[in-house]
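Residue-level structural notes
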Amino acid sequence: MVKIAQYSDIVMDHFMNPRNVGEIENPDGVGEVGNPVCGDMMTFYIKVDDEDRIEDVKFKTFGCGAAIAVSSMVSEMAVGKTLDEAMSITRDQVAQQLGGLPKNKMHCSNLGADALQKAIEDYRSKKAATKE
Ligand code: FES
């Protein structure tokens, strides 16, 4: 019999009731990533306060259930963190917070961490440009 990998209750909860879905008006940073194999896309928007702490995160995800759950979890993990702390969020930490992901869905958690990092990089490069 074929064994079907199942999503954890936490994944199902974040998939069915994703947190922080949407877009931030005038975001401080935007990060967009896609996976050419599955075709899924993720865009993260961040707002950063004066102390370089992430005060708000929103996302738009076109993708599988795991990608939506991952986006939701990453957004919750990032809020309140400094940029350096948020930069070091790994796909394994995201998967762990979600109570685990099936092996063939680990790339979905990669996408979430990458999109957040890209948004932070975007913010940092814009900030560096205004200082010049
Ligand atoms: Fe590609 Fe989930 S199947 S992000």
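**Quick word on the packing of aromatic side chains**
According to the stated counting rule, one finds 1 aromatic pair in the structure shown. Their ring planes at 25° and their centres at 5.9 Å tell us that F44 and F59 sit as a pair that is stacked. Remark: F59 occurs in strand β3 (residues 54-62) and F44 occurs in strand β2 (residues 41-48); sequence separation between them is 15 residues. Each of the two residues, F44 as well as F59, counts as buried.

**Points about the nonpolar core**
Ranked by size, the top nonpolar core spans 33 residues in total, and within it F44, I46, I54 and L116 carry the most contacts. Setting aside anything within four residues of it in sequence, one finds I46 in contact with I24, P27, D28, G29, I54, D56, V57, L116, A119, I120 and Y123.

**Some details on the side chain of S71**
With respect to the helices and strands, the residue S71 is situated in helix α2 (residues 65-78). Side-chain polar atoms of S71 contact the side chain of T61, separated by 2.7 Å. Those residues in contact with S71, other than ones at most four positions away along the chain, are M42, F44, F59 and T61.

**Details of the sheet that holds β2**
In space, the 3 strands of this open sheet follow the order β1-β2-β3, with antiparallel pairing throughout. Pairing within the sheet leaves two strands with one partner each, and these edge strands are β1 (29-34) and β3. Put simply, the sheet's adjacent strands are angled 15° from each other on average, direction ignored. Running over the sheet, α2 touches β2 and β3 and is turned about 175° from β3.

The rules behind the values
Residues numbered from 1 in each chain as written. Predicted model: local features only at pLDDT ≥ 70, side-chain atom pairs only at ≥ 80, totals over all residues. Heavy atoms only, no water. Phe/Tyr/Trp six-rings, centres within 6.5 Å; stacked < 30°, edge-to-face > 60°. Helix = DSSP H or I, 4+ residues; strand = E, 2+ residues; numbered from the N terminus. Buried < 20%, exposed > 50% of the residue type's maximum accessible area, 1.4 Å probe, protein only. Core = buried A, V, L, I, M, F, W, Y, C linked by side-chain atoms within 4.5 Å. Contact = heavy atoms within 4.5 Å. Polar contact = N/O pair within 3.5 Å; in protein donor to acceptor, adjacent residues only side chain to side chain. Pairing = 2+ DSSP bridges. Axes fitted to C-alpha atoms, helices over the stretch in contact; angles between N-to-C directions.

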